Amino acid sequence: MKLYIKMNGAETDQWNALKEAAKPPDMPDGDFARFLFMRGIGSFMEELTERINNMPEEEKEALLSGAGVPTKGEKKAEDREELEDYGKKLMAEVKSPSDD
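For every chain, the first residue of its written sequence is number 1, and the numbers climb from 1 along that sequence. With the structure being a predicted model, the display of local features is reserved for residues of pLDDT at least 70 and the display and counting of side-chain atom pairs for 80 or more, all residues being used for whole-chain, interface and lining totals. Computation of side-chain values: all heavy atoms of the structure, hydrogens and water removed.

*Asks:* Just to check I follow, could you spell out the overall build of the chain for this structure?
*Replies:* Per the convention used, a helix needs a DSSP run of H or I reaching at least four residues, while a strand needs a run of E reaching at least two, with both numbered from the N terminus. A tally of regular secondary structure across the chain gives four helices and zero strands. If you list the helices and strands of the chain from N to C, you get α-α-α-α. Burial here depends on accessible area, computed with a 1.4 Å probe over protein chains only, as a share of the maximum for the residue type. Under 20% is buried, over 50% is exposed, and the range in between is partly exposed. Counting the 100 residues in the chain, one finds 6% classified as buried.

*Asks:* Can you help me understand the packing of helix α1 (residues 9-22) against helix α2 (residues 29-53) in this one?
*Replies:* How two helices pack is summed up by the angle between their axes together with the distance between the axes. Axis separation between α1 and α2 bottoms out at 12 Å; the angle between their running directions is 100 degrees. Considering the angle they form, α1 stands roughly perpendicular to α2. Every residue of α2 that contacts α1 at Trp-15, Leu-18, Lys-19 and Ala-22 is listed here: Asp-29, Phe-32, Ala-33 and Leu-36. Looking at the contact of α1 with α2 residue by residue, the class counts come to six nonpolar, no polar and two charged. Convention adopted: a line fitted to C-alpha atoms gives each axis, helices being fitted over their contacting stretch, and angles between N-to-C directions are expressed from 0 to 180 degrees. Angle categories: roughly parallel below 35 degrees, roughly antiparallel above 145, roughly perpendicular from 65 to 115, and oblique for all the rest. Between two residues, a contact is recorded if the distance between any of their heavy atoms is within 4.5 Å. Three classes are used, and their members are as follows: Ala, Val, Leu, Ile, Met, Phe, Trp, Tyr, Cys and Pro are nonpolar, Asp, Glu, Lys and Arg are charged, and the others, Gly among them, are polar.

*Asks:* Looking at this structure, how should I read the pattern of salt bridges?
*Replies:* Side-chain pairs of opposite charge can arise where the charged atoms are in close proximity. A side-chain nitrogen of Lys or Arg and a carboxyl oxygen of Asp or Glu constitute a salt bridge if their distance falls within 4 Å. Summed over the entire model, instances satisfying the criterion amount to six salt bridges. For Lys-23, the salt bridge goes to Asp-29, with nearest N and O atoms at 3.6 Å. Residues Lys-60 and Glu-57 are paired through a salt bridge, measuring 3.8 Å at the closest nitrogen-oxygen approach. Separated by three residues within a single helix, Lys-60 and Glu-57 lie in helix α3 (residues 57-66), roughly one turn from each other. Each of the salt bridges in this network shares a partner with another, and the network as a whole consists of Lys-19, Lys-23 and Asp-29.

Below you can see the structure in the form of structure tokens.
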């Protein structure tokens, strides 16, 4: 994936100043940009996780459910269904004659 960022003059000046001050001389500009981008995503995800964890439980459940993340109750039901399916599969294997 390629990501292009259009910057105005002031932003370009800030980017160039940051590269000059912080980028190791042997690191290509693209690698430095990727490093900063990924660090930014990591920081954003940490902050988002902290905010979600500090929400009231009802609000958190509604947010996660709305995002398609199974709630604790839904996850328990899924796990129970998976175990039931696995048990049925094992029982079918035990009951069927072996192909020896």
